[in-house]
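An overview of the molecular structure
Take a look at the letters that make up each chain.
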Amino acid sequence: MLNTHTLHHGDEFDNIDWNYHRWIAPGEGDSRSPCPGMNTLANHGFISRDGKNITIPMVLKAADGTIVYNNPVDPVLNLALKLALLTTDAPDSFTLDDLKLHGTVEHDASISRLDYALGDNLHFNSTVFSTLSESNPDSDVYNTTSVGQVLEERLALAKKENAELANTIKERQSQLLEASLFLSAMGDPRTGVAPKRFVQIFFREERLPLAEGWKRPASPINSASLITLMTQLNEASQTKGPWLPSSLTTCPWVRLQPEGAAIVWPPQLSNA
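Nothing here was measured: the structure is a model prediction, and the numbers come from that model.

**So, the overall build of the chain**
A count of helical and extended segments in the chain gives eight helices and four strands. Its helices and strands in sequence order give the chain the pattern α-α-α-α-β-α-α-β-α-α-β-β, from N to C terminus. Across the 272 residues of the chain, 51% fall into the buried class. Long-range contacts, defined as pairs at least 24 residues apart, comprise 64% of the intrachain contacts of the chain with a sequence gap of at least 6.

**Quick word on helix H8 (residues 223–236)**
Taking 1.5 Å per residue, 14 residues should reach 20 Å; H8 reaches 20 Å between its end C-alpha atoms and fits that length. Listing the buried residues of H8 in full gives Ser223, Ser225, Leu226, Leu229, Met230, Leu233 and Ala236. Angular distribution of buried residues about the axis of H8 spans 155°; they occupy a single face of the element. Pointing more than 90 degrees away from the buried face of H8 are the exposed residues Ala224 and Glu235. Elements in contact with the buried residues of H8: helix H3 (75–84), helix H5 (144–161) and helix H6 (169–186). Among the residues of H8, the N-terminal cap falls to Asn222, whose side-chain oxygen and the backbone nitrogen of Ala224 are separated by 3.1 Å.

**Some points on the nonpolar core**
Counting 44 residues, the largest nonpolar core has Ile47, Phe94, Leu132, Phe182 and Met186 as its most contacted members. Listing elements by their share of this core, those giving two or more residues are helix H1 (36–43), helix H2 (56–65), H3, helix H4 (126–133), H5, H6, helix H7 (196–204) and H8. Other than its neighbours up to four places away in sequence, Phe182 contacts Ile111, Leu132, Val147, Gly187, Val199, Phe202 and Phe203. One finds Ala109, Leu155, Leu165 and Trp243 within the second-largest nonpolar core, a separate group that totals five residues.

**Looking at the pattern of salt bridges**
Throughout the structure, instances matching the rule amount to six salt bridges. The closest approach of N and O atoms between Glu206 and Arg113, which form a salt bridge, is 2.9 Å. With Glu206 in the loop between H7 and H8 and Arg113 in the loop between H3 and H4, this residue pair connects regions lying 93 residues apart in the sequence. Residue Glu205 pairs with Arg207 through a salt bridge whose shortest N-O separation is 2.8 Å. Arg207 gets classed as buried once you look at its relative accessible area, which sits at 13%. When salt bridges with common partners are traced through the structure, they connect Glu205, Arg207 and Glu212 into a single cluster.

**Focus: the packing of aromatic side chains**
All chains considered together, the criterion is met by seven aromatic pairs. Here the aromatic rings of Phe129 and Phe203 are separated by 5.1 Å at their centres, their planes lie at 35°, and the arrangement is tilted. Residue Phe129 is located in helix H4, and its partner Phe203 is located in helix H7; the two are separated by 74 residues in the primary sequence. Residue Phe129 shares its accessibility class with Phe203, and that shared class is buried. Ring pairing ties together the aromatic residues Phe124, Phe129, Phe182, Phe202 and Phe203, which thus form one cluster.

**Concerning the side chain of Arg207**
Position of Arg207 among the secondary structure elements: in the loop between H7 and H8. At 2.8 Å, the side chain of Arg207 and the side chain of Glu205 are in polar contact. Looking at Arg207, its side chain comes within polar contact range of the side chain of Glu212, at 3.1 Å. Setting aside anything within four residues of it in sequence, one finds Arg207 in contact with Trp23, Thr40, His44, Ile201, Phe202 and Glu212.

Cut-off values and rules
Residues numbered from 1 in each chain as written. Predicted model: local features only at pLDDT ≥ 70, side-chain atom pairs only at ≥ 80, totals over all residues. Heavy atoms only, no water. Helix = DSSP H or I, 4+ residues; strand = E, 2+ residues; numbered from the N terminus. Buried < 20%, exposed > 50% of the residue type's maximum accessible area, 1.4 Å probe, protein only. Contact = heavy atoms within 4.5 Å. Expected span 1.5 Å × (residues − 1). Arc of directions from axis to C-beta. Polar contact = N/O pair within 3.5 Å; in protein donor to acceptor, adjacent residues only side chain to side chain. Core = buried A, V, L, I, M, F, W, Y, C linked by side-chain atoms within 4.5 Å. Salt bridge = Lys/Arg side-chain N within 4 Å of Asp/Glu carboxyl O. Phe/Tyr/Trp six-rings, centres within 6.5 Å; stacked < 30°, edge-to-face > 60°.

Quick look at the structure:
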């Protein structure tokens with residue numbers, strides 16, 4: 001059961017009952033997603049611990065009180081959650097496992113999951129993650145430069161390994177947004193600098209690294225701050241040439257349903 005009395009706006013983050021919201025690993029029958037952020041919220045009980053019957057208001061409230069700073073109506077988070085509803089036939093909720101549906105929220109060239117065409121796109125993959133974990137070796141932080149280079153390397157590897165790679169502007173924007181989010185949530189939203197130890201725990205354990213000293217950033221995370229970091233990541237991820245769409249379908253598309261043959265909008269075309 002979700003405790004609805006422990007999350008509040010503004011500076012009441014420090015009043016959260018962390019005993020109630022202690023980290024608990026998912027049990028048998030619990031649902032989890034390809035997104036470490038959503039899984040972390042479930043593992044701490046800020047959304048349903050079983051990962052089922054997740055609603056948009058539930059996630060907005062949880063994010064507002066933990067990772068995102070007092071900004072529940074920011075369009076970036078709202079848009080991602082609305083796309084999440086397309087992964088299920090339920091009218092107003094989803095399970096975390098639904099989010100693995102390829103082509104809606106989930107995407108190729110992830111920094112922590114295999115591509116859909118290559119195998120398990122749901123669970124954390126340490127080999128895939130090594131591209132990030134081994135980056136910036138002479139520093140104890142990640143930043144937009146080092147993570148941008150990781151995004152470039154992951155895409156280059158995906159191009160070699162995945163003949164069915166989806167690499168349109170939609171996937172590109174998702175990769176940049178997700179990178180800006182974890183740098184902001186685990187570090188400083190103003191600079192995009194995050195301690196490696198926090199990021200490692202966030203991805204590997206899907207846990208808020210409270211015992212290691214993490215606190216919610218004092219600066220707000222919103223569309224303006226994320227776009228700033230996305231711009232820096234975009235520049236840093238094109239050291240070997242400009243990013244270009246490189247898939248069978250170069251037009252961005254969204255899968256509209258979970259069952260049967262893929263139905264996408266706009267219709268998939270070989271030339272855009």
